[in-house]
Amino acid sequence: QKEVEQNSGPLSVPEGAIASLNCTYSDRGSQSFFWYRQYSGKSPELIMFIYSNGDKEDGRFTAQLNKASQYVSLLIRDSQPSDSATYLCAVPPYGGATNKLIFGTGTLLAVQP
Amino acid sequence: DAGVIQSPRHEVTEMGQEVTLRCKPISGHDYLFWYRQTMMRGLELLIYFNNNVPIDDSGMPEDRFSAKMPNASFSTLKIQPSEPRDSAVYFCASSRDYSTLTDTQYFGPGTRLTVL
């Protein structure tokens, strides 16, 4: 099992809809979770992090964490064509004892106008 | 703040040649990371440094790859000899300490390497 798994997509949603991106991780000791967005040909940039069970909202973005199920998701409300990008989930291994991040392979989101 | 700076942005070379990628981290960041990204394998951590010292090089694929950080503002990733399978985008990233669990890595623009 890979340490961080994501569905590669593409996930296609119409403009204005909610996009739901999912990530599972294998390390039960993981404490914090990061979502990065990467536009085609560009570098990854952080959009959200979460370290407590439940939901965390930031504008149109909501991160959801369920440590018991080892599952973290990112919801994008009112999706816009400008949200079309690859979304990478990242987790520090060993419960964050090091400063590494393990990245999933990313989910490609396509928002259709 | 200028962000993480990488050079060159694009590199095309022939198999067997030496390739050197360069990175200048954000001032004040103690950690520097080198990643490789391909369609097949995604974003892979190659090596990272703390205060100029290599901490974990378990991701370096083989002895053809080497990385150095002679000072806090400069790092190199060298491939010698290069092979076509090394073709990828190489990212450098830097960060402050993760002790708060909330800080993050800031990525440079990447170097797109093509080995013919």
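Before reading on, note that the structure itself is shown above.
Residues numbered from 1 in each chain as written. Chains lettered and ligands numbered in written order. Predicted model: local features only at pLDDT ≥ 70, side-chain atom pairs only at ≥ 80, totals over all residues. Heavy atoms only, no water.

**Concerning the overall build of chain A**
Moving on, step 1. Across its full length, chain A holds zero helices and eleven strands.
Moving on, step 2. N-terminal to C-terminal, the α/β element order of chain A is β-β-β-β-β-β-β-β-β-β-β.
Moving on, step 3. On the principal axes, the C-alpha backbone points of chain A span a range of 40 × 30 × 20 Å.
Moving on, step 4. A burial count over chain A gives 45% of its 113 residues as buried.
Moving on, step 5. The long-range share in chain A, meaning contacts at least 24 apart out of those at least 6 apart in sequence, stands at 54%. (Helix = DSSP H or I, 4+ residues; strand = E, 2+ residues; numbered from the N terminus. Buried < 20%, exposed > 50% of the residue type's maximum accessible area, 1.4 Å probe, protein only. Contact = heavy atoms within 4.5 Å.)

**Considering the packing of aromatic side chains**
Moving on, step 1. Under the counting rule described, the total for this entry stands at 13 aromatic pairs over all chains.
Moving on, step 2. Where Y36 of chain A meets F107 of chain B, the ring centres are 5.8 Å apart and the plane angle is 80°; that geometry is what we call edge-to-face. Here F107 of chain B lies in strand β10 (residues 106-107) and Y36 of chain A lies in strand β4 (residues 33-38), a pairing that spans two chains.
Moving on, step 3. A relative accessible area of 10% places F107 of chain B in the buried class.
Moving on, step 4. On the basis of an interplanar angle of 35° and a centroid distance of 6.3 Å, the ring pair of Y31 of chain B and Y48 of chain B is categorised as tilted. (Phe/Tyr/Trp six-rings, centres within 6.5 Å; stacked < 30°, edge-to-face > 60°.)

**Quick notes on the pattern of salt bridges**
If charged atoms from side chains of opposite charge come close, those side chains can pair.
Moving on, step 1. Summed over the entire model, instances satisfying the criterion amount to twelve salt bridges over all chains.
Moving on, step 2. A salt bridge links R77 of chain A to E57 of chain A; the shortest N-O distance between them is 3.4 Å. Residue R77 of chain A is located in the loop between β8 (71-76) and β9 (85-91), and its partner E57 of chain A is located in strand β6 (residues 54-58); the two are separated by 20 residues in the primary sequence.
Moving on, step 3. Exposure remark for R77 of chain A: the relative accessible area of 28% places this residue in the partly exposed category.
Moving on, step 4. E18 of chain B is paired through a salt bridge with K78 of chain B; the nearest N and O atoms lie 3.8 Å apart. Of this pair, E18 of chain B sits in the loop between β2 (10-13) and β3 (19-24) while K78 of chain B sits in strand β8 (residues 74-79); the two residues are 60 residues apart in sequence, bridging distant segments of the chain.
Moving on, step 5. In this structure E18 of chain B comes out as partly exposed when scored by relative accessible area, which is 45%.
Moving on, step 6. Each of E62, R64, E83, R85 and D86 of chain B takes part in salt bridges that share partners, so that together they form one network. (Salt bridge = Lys/Arg side-chain N within 4 Å of Asp/Glu carboxyl O.)

**Considering the interface of chain A and chain B**
Moving on, step 1. Listed as interface residues are 18 residues of chain A and, on the opposing side, 22 residues of chain B.
Moving on, step 2. For the pair chain A and chain B, the summed buried area comes to about 1700 Å², and 59% of that belongs to carbon and sulfur atoms.
Moving on, step 3. At the boundary of chain A with chain B, the tally comes to one salt bridge.
Moving on, step 4. The shortest N-O distance in the salt bridge between D56 of chain B and K100 of chain A comes to 3.0 Å.
Moving on, step 5. Linking chain A with chain B are five residue pairs in polar contact (both at pLDDT 80 or more), by the criterion used here.
Moving on, step 6. Elements with a contribution of two residues or more to the side of chain A that touches chain B: β4 and β5 (45-50) of chain A.
Moving on, step 7. Broken down by element, the side of chain A that touches chain B gets its largest block of residues, three residues, from β4 of chain A. (Buried area = accessible area lost by both parts, 1.4 Å probe. Polar contact = N/O pair within 3.5 Å; in protein donor to acceptor, adjacent residues only side chain to side chain.)

**Brief notes about the sheet that holds strand β3 (residues 19-25) of chain A**
Pairing between the strands of a sheet is mediated by backbone hydrogen bonds and can be parallel or antiparallel.
All names here are of chain A.
Moving on, step 1. Ordered by their spatial adjacency, five strands build an open sheet running β1-β3-β8-β7-β6, and the pairing between neighbours is antiparallel. Looking at strand neighbours, the two that pair on one side only are β1 (4-5) and β6, the edges of this open sheet.
Moving on, step 2. As judged from the six bridges shared by strand β7 (residues 61-66) and β8, these two strands associate in the antiparallel manner. In the strand pairing of β8, T62 is matched with L75. (Pairing = 2+ DSSP bridges.)

Read these as geometric descriptors, not functional statements.
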